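Topology and contacts: notes
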Amino acid sequence: MMQAKRRLVRAIRRVCLAHPIPKPTKVNGRWERDDFIWDALLLSFSSWGGSRGDELRNDPQVTFDALSACRNASQREKRMSDALVAAGVRWATKKTPLLLENFQTIVDDGGPGAVKRQLNLEMGCSAKIKFLRKFRGIGPKYARNMMMDVYHPDFWESIAVDTRVQHVLDALGLPFRDYDEKEKFLLEAAHEAGLNGWQLDRLIYNSNEAVLAALKEDRRI
């Protein structure tokens, strides 16, 4: 484990020299929106299995207000399904009912503004993750990613373990029991390399091939 961590730290430092990570100076403006939760859910579902987020989130037919204005559940379902298909989102048939369940959860909880206020009242990373995971289709990765995307300070020491991160872990050849163990290992490596969790997550996302190449080169030395 220690040898693998040292390999990863060396790879991180090498990649950082060629791919510096810009650090946002404030929370992303999306966090200021009253409909943050619905916007983040649309992004999460469109990123699940692919990356079509902006197309879906920018569709005026599936804003929270537009769906609320539908005459009935059937119209809302058709509008959601059509938008997912038009945006090229994978597994639209599976995702449509999940998104509509989440829509109804938000309605039942008082609307997107009220849900965001509830989220704000949850203190710390773990509490916010637990709150977000009550939504259908939101697991440990997306619960983190929703908040990391807006650079929320509670999530500066988080890692969203996606396929790119998993490729790095696979290259190290280490068995991990669960998500928390993976995140702990990566955070320790990030700190040794002089980064926080958010920075390492973004480095791996933006420069995945470079990190994998650095690990491969390090193994040859």
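Check the entry above for the structure.
Computed from a prediction, not measured in an experiment: that's the story for all the values here.

1. Things to note about unusual backbone geometry
Phi is positive for W91, which is not a glycine, with a value near 60°. Using a relative accessible area of 40% as the deciding quantity, one classes W91 as partly exposed. Non-glycine residue Y151 carries a positive phi angle of around 60°. Mapping Y151 onto the fold places it in the loop between α9 (140-148) and α10 (163-172). On the accessibility criterion, Y151 (3% relative accessible area) is buried.

2. Regarding the pattern of salt bridges
The tally for this structure, following the rule as stated, stands at 15 salt bridges. Of the charged contacts in the structure, one is a salt bridge between R33 and D35, with a shortest N-O distance of 2.9 Å. Of the charged contacts, one joins K128 and D154 as a salt bridge, the two residues approaching to 2.7 Å between their closest N and O atoms. Placement of the pair is K128 in helix α8 (residues 124-132) and D154 in the loop between α9 and α10, with a sequence separation of 26 residues. Among the charged side chains, a salt-bridge network with shared partners connects R30, R33, D35, D39 and R57.

3. Remarks on helix α11 (residues 179-192)
Given a rise of 1.5 Å per residue, 14 residues ought to cover 20 Å, and the 20 Å separating the end C-alpha atoms of α11 matches this to within 8%. Burial in α11 covers these residues: Y179, K182, E183, F185, L186, L187, A189 and A190. Contact partners of the buried residues in α11: α1 (2-18), α9, α10 and α12 (197-206). For α11, the N-terminal cap is D178; the gap from its side-chain oxygen to the backbone nitrogen of D180 is 3.3 Å. With its phi angle positive at about 85°, G194 sits one or two positions after the end of α11.

4. What about the packing of aromatic side chains?
According to the stated counting rule, one finds eight aromatic pairs in the structure shown. Here the aromatic residues W38, F64 and F103 are joined through ring pairs into a cluster of three or more. Note that R164 overlies the ring of Y205, its terminal NZ or CZ placed 4.2 Å from the centroid.

5. Observations concerning helix α5 (residues 73-86)
Over its 14 residues, α5 extends 20 Å from the first C-alpha to the last, a length consistent with the 20 Å expected when each residue adds 1.5 Å. Among the residues of α5, those classed as buried are R76, M80, A83 and L84. Along the axis of α5, the buried residues cluster in a sector spanning 100°; they form a single face. Those residues of α5 that are exposed and aimed more than 90 degrees away from the buried face are S74, K78, V85 and A86. Between a side-chain oxygen at the N-terminus of α5 and the backbone nitrogen of S74 the separation is 3.2 Å; the capping residue is N72.

6. Some remarks on the side chain of R144
Note on placement: R144 falls in helix α9. Given a relative accessible area of 6%, R144 falls into the buried group. Discounting chain neighbours no more than four positions away, the residues touching R144 are I129, F155, S158, I159, Y179, D180 and E183.

7. Observations concerning the nonpolar core
By size, the foremost hydrophobic cluster in this structure holds 68 residues, and its most contacted members are W38 and M80. When neighbours within four sequence positions are excluded, W38 is seen to be in contact with V62, T63, F64, L67, M80, L99, N102, F103 and I106.

8. Describing the packing of α9 against α11
Axis separation between α9 and α11 bottoms out at 11 Å; the angle between their running directions is 45°. Here α11 runs oblique to α9, going by the angle between their axes. Where α9 abuts α11, its residues P140, K141 and R144 lie against Y179, D180 and E183. Across the contact of α9 with α11, the residue classes tally to two nonpolar, no polar and four charged.

9. What about the side chain of K5?
As for its position among the elements, K5 is in helix α1. Overall, K5 belongs to the buried group, its relative accessible area being 6%. Reaching out from K5, the side chain makes a polar contact with the side chain of E188 at a distance of 2.3 Å. Contact partners of K5, with chain neighbours within four places excluded, come to F185, E188, A189 and E192.

What counts as what
Residues numbered from 1 in each chain as written. Predicted model: local features only at pLDDT ≥ 70, side-chain atom pairs only at ≥ 80, totals over all residues. Heavy atoms only, no water. Buried < 20%, exposed > 50% of the residue type's maximum accessible area, 1.4 Å probe, protein only. Helix = DSSP H or I, 4+ residues; strand = E, 2+ residues; numbered from the N terminus. Salt bridge = Lys/Arg side-chain N within 4 Å of Asp/Glu carboxyl O. Expected span 1.5 Å × (residues − 1). Contact = heavy atoms within 4.5 Å. Polar contact = N/O pair within 3.5 Å; in protein donor to acceptor, adjacent residues only side chain to side chain. Phe/Tyr/Trp six-rings, centres within 6.5 Å; stacked < 30°, edge-to-face > 60°. Lys NZ or Arg CZ within 6 Å of the ring centre and 35° of its normal. Arc of directions from axis to C-beta. Core = buried A, V, L, I, M, F, W, Y, C linked by side-chain atoms within 4.5 Å. Axes fitted to C-alpha atoms, helices over the stretch in contact; angles between N-to-C directions. Parallel < 35°, antiparallel > 145°, perpendicular 65-115°, else oblique. Nonpolar A, V, L, I, M, F, W, Y, C, P; charged D, E, K, R; others polar.

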